[in-house]
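Reading the structure
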Amino acid sequence: MRKGLITWFLLAIGATAWGQGIPISRIAVPENPTRQELYASTQLRNFLAQGGVKVPTVETIGAEAPQRGTVYVGRAKQRPVVEPTTKDSYIIYGTGGCLFLYGEGEKGTLYAVYDFLERFGGCRYYAAHEVDIPDLRVLRIPDTMIFEQPAFEYREMLYYMPNHDSVYADWHHLHTRQDLHRDWGMFVHTFKDLVPASRYFDQHPEWFSECNGQRVRDGQLCLSNPEVLEELCRQLADTMIRRHDTRIWSVSNNDNYNVCQCPKCRHLDSLYGGPTGTLLHFINQVARRFPDKTLSTLAYQYTRSAPKDLNVRPDSNVNIMFCSIECGRELPIADNPREASFRKDMEDWQQLTDNIFMWDYVVQFRNFWNPFPNLHVLKSNLQYFRDHGVRMMFEQATGADNVTSWMELRGYLIAKLLWNPDLDADSLIADFCNGYYGAAGPYVKEVVDTMTAALVASGQRLDIYGYSIDAVEGYLAPQRMVQYRNLMRQAWATQPDSIQAARLRRFELALDYATVELAADGWIEELFPNGTPEERAGQLLDMTDTLVRDLKRFGVKQMMEMGVSPDDYGALIRRSVEKTFGSNKAFFRSVQLRKPPTPPYNHDYQFGGGQALTDGQGGILDYRGVWLGFWGDTLDAVVTLGEKAIEVREVSMDFFFYPLSWIFLPQSIEYMVSTDGEHWQSVGRHTPVNREVLAIPAIETFTTTLEIPVKALYLRVVAIPIPAIPAWHRATGQKAWIFTDEILVH
């Protein structure tokens, strides 16, 4: 029998839950009921009432003989001798016309109530405030004995539904942010909070990472420095005083790769089997000062691998938060040839500790509304984590407040599998689709299945930080999009009611988003095959406007992890289309790069070379698409505007800004004109300001408008990068990128 979740059907004979048998006529709780027993009994009464079963009141009973037709909620004296044994486990026991619902821990009894309503009453809780309650007047007390216990002691899905509907969370036996904030004093990436650079760096730069010969603000801590240990422990102790009842405290590396490279830290790395060993050595020292607390630290990015010296172990009160951020989602982790190193890391950590918190990722963070067909890996991955000793499971989706593609279906499936990874995922998906979308459900499921099959057949990686364009020759190929659209037409032909139509439209928005993204990224002819180029552009803008309108209608506030509202997204697409189809005098004109970019990295972002600046393909919020990149090099480009000089009234260029990927605005941008290509007249100069913002991408426009037009045969653009990445950035001192797409001349 599998370790972890155990489901025992000890007895399932006699009357079923429907038709003949004893109906529910009474709800009882034990003498001196707990708050949760009272709440669970009240919830049972309320749901029964919504299904047409009226129970006058909840009664408090003592040692009476069991009465037929009674549901005993909680630890009534009449319950059987079988007891749930682990936190959150519960029993559903029906015999002789009586039903007993009770469980262990704060919410075990409540979970038993909700499981009974779903399993025997046919109720479904599909999404936040979206529950389906059938006619329960035919519900009968079953003869059954069911014991349930969870695969994971902690089960959180960081998604909209459980954080906006507490009943949804309890129905699906989930923990929420509220539970986490109760149990955790600090949560991940806490070096920056315990020893903040803003407070200490100026006086104690030696407390922070040394990278490339200099100490950096946006990095890690210098773990070989004994003063760092003392100050961190002092700050942690002060914080614990304010929350002395909290049992778990994260002492963990910041969200970057800037591990300290000073000689002393490198020496510790050699002693303890790499940076992870040095981190564990440090954390163990902290944990020994707080033996009554659990100290959690991160196995993440450069510390994901266990120490090479497996004799370096976490202390008994140290929790390892192991993260799967690098993994692809195209195949289950257990079967994916690309993830052999992850499997080794997982197995190594399992040898070292049984106190593992798994941080998994289940959406596409750069594109919340891109179709992300990862449903087929969820079950297998959770089974893999359970079988490798994971006790606490955290599925990071789009956060507590963000709405995303396939959210309701994906969330429903994850919630069920977090409790029991051995459930039949395909049956769960079918049950959800048929119930949530009605007659359109089979077509929705076929879209999911067809897209998943296309992904697997393509052999391409499914990345949580990917883009639509990554799949344009795979599951989002134009011919595939035709298939999905045909299935959606059949779904709409079922004539869903107004509620189902809104649900169906939310599902369909992912296809619209991918269409807009791919069309704006150069695939407009394939996705809008009818009409002139200008008519195709109009069709794209019409779809964009409808997409934006409906996203706002459904409460979408941001389109990706880094922000971007629907309105801002629509404006970015419109700007891209204008660059492609506007009256640009530089369209398809010859471009000479006076200073070729320096290899090797520049060649990765030379989309079309210099001609990319006049090819009519405007960039969107994906610098890997049609943007032209220069790493530490000056952009010096000359455009020949025709066979004879033209009148120039305005010059404009867009530049990408995304410091997380080392992409900054230029230090200066200068526009110059000439009639002979040798003598240049400056017509405009800009000095952009690079904001201290790390992870919010932007496209910024720099326009020069001339009060008096000038004649020009040649236009020259010189964009000089900043000398080095600034001190506030984690890559301080390194060369910066500049990215641009089109030169616009009017």
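Residues numbered from 1 in each chain as written. Predicted model: local features only at pLDDT ≥ 70, side-chain atom pairs only at ≥ 80, totals over all residues. Heavy atoms only, no water.

1. A closer look at the overall build of the protein chain
Counting secondary structure elements, the protein chain contains 19 helices and 27 strands. Expected size for 746 residues packed as a compact globule is a radius of gyration near 27 Å; at 30 Å, the protein chain falls within 12% of this value. Its C-alpha atoms put the protein chain at 105 × 70 × 45 Å along the principal axes. Per-residue burial for the protein chain yields a buried fraction of 60% across its 746 residues. For the protein chain, long-range pairs separated by at least 24 residues make up 75% of all intrachain contacts whose partners lie at least 6 apart in sequence. Summed over its atoms, the accessible surface of the protein chain is roughly 29500 Å², and 50% of this surface lies on carbon and sulfur atoms. With 74 positive and 91 negative side-chain charges, the protein chain shows a separation of 3 Å between the mean positions of the two kinds. (Helix = DSSP H or I, 4+ residues; strand = E, 2+ residues; numbered from the N terminus. Rg over C-alpha atoms; globule rule 2.2 N^0.38 Å. Buried < 20%, exposed > 50% of the residue type's maximum accessible area, 1.4 Å probe, protein only. Contact = heavy atoms within 4.5 Å. Areas by Shrake-Rupley, 256 points an atom, 1.4 Å probe, with all protein chains shown as cover. Lys, Arg positive; Asp, Glu negative; His and termini not counted. Charge placed at Lys NZ, Arg CZ, Asp CG, Glu CD.)

2. Brief notes about helix α11 (residues 340-352)
Counted at 1.5 Å a residue, the expected span for α11 with its 13 residues is 18 Å, and the 19 Å between its end C-alpha atoms agrees. Within α11, the full set of buried residues consists of Phe 342, Arg 343, Asp 345, Met 346, Asp 348, Trp 349 and Leu 352. The inward-facing, buried residues of α11 contact α10 (275-289), β15 (294-299), β16 (318-323), β17 (356-361), α12 (375-387) and β18 (390-396). (Expected span 1.5 Å × (residues − 1).)

3. Here we look at the packing of aromatic side chains
If you walk through the whole model with that rule in mind, you get 44 aromatic pairs. Between Trp 184 and Phe 357, the ring centres sit 5.6 Å apart and the planes meet at 80°, which makes this aromatic pair edge-to-face. Linking Trp 184 in strand β11 (residues 184-186) with Phe 357 in strand β17, this pair joins segments that are 173 residues apart in sequence. Residue classification places Trp 184 among the buried residues on the basis of a relative accessible area of 3%. Taking the relative accessible area as the measure of exposure, Phe 357 reaches 0% and is therefore buried. For the ring pair Phe 187 and Trp 359, a centre distance of 5.5 Å and an interplane angle of 15° mean the geometry is stacked. Remark: Trp 359 occurs in strand β17 and Phe 187 occurs in the loop between β11 and α6 (191-194); sequence separation between them is 172 residues. Members of the aromatic cluster, connected to one another through ring pairs, are Tyr 154, Trp 184, Phe 187, Phe 357, Trp 359, Tyr 361, Phe 365, Phe 394 and Tyr 465. Here Arg 79 stacks its cationic end above the ring of Tyr 102, 5.9 Å away from the centre of that ring. Taking the ring centre of Phe 554 as reference, the NZ or CZ of Arg 506 above it sits at 5.4 Å. (Phe/Tyr/Trp six-rings, centres within 6.5 Å; stacked < 30°, edge-to-face > 60°. Lys NZ or Arg CZ within 6 Å of the ring centre and 35° of its normal.)

4. What to know about the side chain of His 388
Mapped onto the secondary structure, His 388 falls in the loop between α12 and β18. Of the polar contacts made by the side chain of His 388, one reaches the backbone oxygen of Tyr 384; its length is 2.9 Å. Ignoring sequence-local partners within four residues, the contact set of His 388 consists of Met 346, Glu 347, Gln 350 and Ile 356. (Polar contact = N/O pair within 3.5 Å; in protein donor to acceptor, adjacent residues only side chain to side chain.)

5. A word on the packing of helix α18 (residues 533-553) against helix α19 (residues 566-581)
The contact between α18 and α19 brings their axes to 9 Å, and the two run at 175°. Relative to α19, the element α18 is oriented roughly antiparallel. The segment α18 lies against α19, with Pro 533, Glu 534, Ala 537, Leu 540, Leu 541, Thr 544, Asp 545, Leu 547, Val 548, Leu 551 and Lys 552 engaging Pro 566, Asp 567, Tyr 569, Gly 570, Ile 573, Arg 574, Val 577 and Phe 581. (Axes fitted to C-alpha atoms, helices over the stretch in contact; angles between N-to-C directions. Parallel < 35°, antiparallel > 145°, perpendicular 65-115°, else oblique.)

6. Considering empty space enclosed by the protein
Scanning all chains against the criterion turns up five cavities of 30 Å³ or more. Size it by volume and the largest cavity reaches roughly 100 Å³. In terms of lining residues, the largest cavity is bounded by 14 residues, among which Leu 221, Leu 223, Val 259, Cys 260 and Tyr 302 are the most central. Breaking the lining of the largest cavity down by element, the ones donating at least two residues are α9 (263-272) and α10. Examining the composition of the lining of the largest cavity, we find that three residues originate from one element, α10, more than from any other. Its residues placed into classes, the lining of the largest cavity shows nine nonpolar, four polar and one charged. Size it by volume and the second largest cavity reaches roughly 70 Å³. Of the residues that constitute the lining of the second largest cavity, the class distribution is seven nonpolar, one polar and two charged. (1 Å grid on protein atoms, 1.4 Å probe; cavity = no way out; pocket = protein on both sides within 12 Å on 5 of 7 lines; lining within 4 Å. Points joined across faces, edges and corners; volume = space filled by probe spheres on them. Nonpolar A, V, L, I, M, F, W, Y, C, P; charged D, E, K, R; others polar.)

7. Remarks on the pattern of salt bridges
Applying the stated criterion across every chain yields a total of 59 salt bridges. The partner of Asp 512 in a salt bridge is Arg 505, with the nearest N and O atoms 2.9 Å apart. A network of salt bridges, in which partner residues are shared, links Arg 485, Arg 505, Glu 508, Asp 512, Arg 549, Asp 550 and Arg 553. (Salt bridge = Lys/Arg side-chain N within 4 Å of Asp/Glu carboxyl O.)

8. Some points on the nonpolar core
One finds Leu 48, Leu 236, Val 286 and Phe 385 to be the most contacted residues of the largest nonpolar core, which totals 191 residues. The greatest single-element share of this core, amounting to 13 residues, is contributed by helix α17 (residues 498-527). With 32 residues, the next largest nonpolar core counts Val 639, Phe 655, Ile 743 and Val 745 among its residues. (Core = buried A, V, L, I, M, F, W, Y, C linked by side-chain atoms within 4.5 Å.)

9. Quick look at the layout of surface pockets
Space inside the largest pocket adds up to approximately 1200 Å³. Lining the largest pocket are 39 residues, with Asp 255, Tyr 300, Gln 301, Leu 660 and Arg 730 positioned closest to its centre. For the lining of the largest pocket, the secondary-structure elements that each account for two or more residues are β17 and β18. In terms of residue class, the lining of the largest pocket is built from 23 nonpolar, ten polar and six charged.

10. Side note on the pairing of β18
Consecutive side chains along a regular strand alternate between the two faces of the sheet. Across the seven residues of β18, six count as buried, placing the element largely inside the fold. When β17 meets β18, the two strands line up parallel, connected through six bridges. Considered in β18, the bridge of Met 358 is made with Met 393. Crossover connection from β17 via α12 to parallel β18: handedness right-handed. (Pairing = 2+ DSSP bridges. Right-handed = clockwise from strand over helix to strand, strands pointing away.)

11. Some words on the sheet that holds strand β24 (residues 681-686)
The strands making up a sheet associate through hydrogen bonds between their backbones, and the pairing can be parallel or antiparallel. Read from one edge of the open sheet, five strands run β19-β21-β26-β23-β24, paired in antiparallel fashion. Each having just a single partner strand, β19 (591-593) and β24 make up the two edges of the open sheet. Averaged over neighbouring strand pairs, the angle between their axes works out to 20° when direction is ignored. In this structure, strand β21 (residues 635-640) lies alongside strand β26 (residues 714-720), joined through six bridges in antiparallel fashion.

12. Some thoughts on the state of the cysteines
Within this structure, the stated rule accounts for zero disulfides. You can see Cys 262 has no disulfide; the closest cysteine sulfur is in Cys 260, sitting 3.6 Å from it. With no disulfide of its own, Cys 433 lies 20 Å from the sulfur of Cys 123, the closest cysteine sulfur. (Disulfide = S-S within 2.5 Å.)

13. As for the sheet that holds strand β10 (residues 154-158)
Ordered by their spatial adjacency, seven strands build an open sheet running β10-β18-β17-β16-β15-β14-β11, and the pairing between neighbours is parallel. Edge positions in the sheet fall to β10 and β11, since each has one partner strand and no second. Strand-to-strand twist in this sheet, taken as the mean axis angle between neighbours without regard to direction, amounts to 25°. The pairing of β16 with β17 spans four bridges and is classified as parallel. Among the inter-strand pairings, Ile 320 is bridged to a residue of β17, identified as Ile 356. Of the strands in this sheet, β15, β16, β17 and β18 touch α11, which is tilted by about 170° from β16. Those strands touched by α12 are β17 and β18, and its axis lies near 150° from that of β18.

14. Observations regarding the environment of Phe 147
Among the structural elements, Phe 147 can be located in strand β9 (residues 144-148). The sequence separation of Phe 147 and Met 560 amounts to 413 residues, and the corresponding C-alpha distance is 41 Å.

Take it as geometry only, folks, not as evidence of what the structure does.
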